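Coordinate analysis (summary)
Chain residues, written in single-letter form:
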Amino acid sequence: MKHFDTPHPEAWLRVLPDGLFCEPGGFYVDPVRPVDRAVITHAHADHARPGHAHVLASAETLAIMRVRMGVDRAGTVQQEQPYGQVLTIGEVRVWLQPAGHVLGAAQVAMEWRGSRAVVSGDYKRAPDPTCAPFEPIPCDVFVTEATFALPVFRHPPPEAEIAKLLASVALFPERTHVVGAYALGKCQRVIALLRRAGWDRPIYLHGAQMPLCAEYERLGVPLGDLRPATVANKADLAGAIVIAPPGAIADRWARRLAEPVVCLASGWMRVRQRARSRGVELPLVISDHADWDELNATVDEVGAPEIWVTHGREEALIHEVAKRGVRGRALRLLGYGDEEEDLPAQGEAA
Ligand SMILES: [Zn+2]
Ligand SMILES: [Zn+2]
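All values derive from a computational prediction rather than experimental measurement.

**Here we look at the sheet that holds strand β15 (residues 241-244)**
Read across the open sheet, the six strands follow the order β14-β13-β15-β12-β16-β17; overall the sheet is parallel. Since the sheet does not close on itself, it has two edges, and those belong to β14 (226-228) and β17 (282-284), each with one partner. The average angle at which neighbouring strand axes cross in this sheet is 30°, direction not considered. Sheet topology note: the strand β12 (residues 177-180)/β15 ladder contains four bridges and is parallel. Bridged to G180 within β15 is A244. Sheet strands in contact with helix α3 (residues 186-196) are β12, β13 (203-205), β15 and β16 (261-265), and its direction is about 160° off that of β15.

See below:
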């Protein structure tokens, strides 16, 4: 219900150096430095930082944070919040809704005096067998990411990209296909997509991929027969699929494999130059972020008269939605840029 004096979200959701601060609730969303009270959208390193006193997040996000940073550093007090369940923090009604990004990822909906803002964190609209789908929430201000907010970024169906990988495996049965995929989300999604496409042989993992795959399975996402690539001998890996961190696919580790075909699963693989510069023979355009069409469709769907745009190409999206009468504001928050896809030009192991 609207109050006659409904405040604009600008009056109560503030952009501070540590991140978005919900003043009447006394909490930050995805703060970049340790704070007293944090609500965390998902466990990627740019959103989930260690050392907060009180952390509220989905059970899955908290579980993944504990695996990545240790029980203590994941938050002194850890409060698990199921999707869709409303709670009151200070004077603010708060709830989480799936974001479709990685396991446990949530949008944070906040309502104060009839004024509603939704912080989407990172999100995508394409179906993902490893996490709950994005649910649009009508709001007054929608805070959206803009990682792939340019018309050139249109992600093909992930099934088609997986079919390309399997066609290459069939074509080169004596070579090892080593697929670069980030450890949280992308790796498990690629595995789940391979299983759905009928690949029931063992999938081999670089050691860095093992802990989160084990955690996904513990949290109820089946991934099939997974084996360590390090102890398996080279003969076993001929004709096999190995999943490794993007930083490892072109280094000495990968060269030990049988005539490796270097693949990389990322939304950036849409840009040929990116694939070439990283020595990628088989680019796979698989992204956990909304593409240009998904960003625009989502803005229309939530019906917000105003969007706040963060990490990515803010200006292009703001310009586009303005044509439809939606106001846009670039937040210019520092410290975000997905660990998982916003690949640095150098130091790619990050
Ligand atoms: Zn993310
Ligand atoms: Zn992000």
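Let's pick the thread back up.
**Regarding helix α4 (residues 210-218)**
Among all positions of α4, only L212, E215 and Y216 are buried. End-on view of α4: buried residues confined to an arc of 100°, all on one side of the axis. If you follow the buried residues of α4, they end up packed against α1 (59-69) and α3. Immediately beyond the C-terminal end of α4, within one or two residues, lies G220, with a positive phi of roughly 100°.

**A word on helix α8 (residues 292-302)**
When we look at burial in α8, the residues that qualify are W292, E294, L295, T298 and V299. Residues of α8 that are buried make contact with β11 (141-146), β18 (306-312) and α9 (314-322). Just downstream of α8 lies G303, where phi reads positive at about 65°.

**Side note on the pairing of β18**
In terms of residue burial, β18 counts as a mostly covered element, since six of its seven residues are buried. Strand direction decides the pairing type here: β11 and β18, joined by six bridges, are parallel. Each residue of the ladder has a partner; that of V141, found in β18, is E306. Relative to strand β19 (residues 327-330), β18 runs parallel, the two being bridged by four bridges. Within the sheet, the bridge partner assigned to V309 lies in β19 and is A330. The handedness of the β18 to β19 crossover, carried by α9, is right-handed.

**Some points on the sheet that holds β18**
Spatial strand order, β7-β8-β9-β10-β11-β18-β19: seven strands in an open sheet with mixed pairing. Each edge of the open sheet is held by one strand with a lone partner, namely β7 (87-89) and β19. Between one strand axis and the next, the sheet turns through 25° on average, direction left out of account. Relative to β11, strand β10 (residues 115-119) is paired through three bridges, and the arrangement is parallel. Note that in β11 the partner of V119 across the bridge is V143. Against the sheet, α8 touches β10, β11 and β18, its axis set at about 175° to β11. Across the sheet, α9 touches β11, β18 and β19, and the angle it forms with β19 is around 170°.

Here is what the cut-offs are and how they apply
Residues numbered from 1 in each chain as written. Chains lettered and ligands numbered in written order. Predicted model: local features only at pLDDT ≥ 70, side-chain atom pairs only at ≥ 80, totals over all residues. Pairing = 2+ DSSP bridges. Helix = DSSP H or I, 4+ residues; strand = E, 2+ residues; numbered from the N terminus. Axes fitted to C-alpha atoms, helices over the stretch in contact; angles between N-to-C directions. Contact = placed C-beta atoms within 7 Å. Buried ≥ 20, exposed ≤ 12 C-beta atoms within 10 Å, placed from the backbone. Arc of directions from axis to C-beta. Right-handed = clockwise from strand over helix to strand, strands pointing away.

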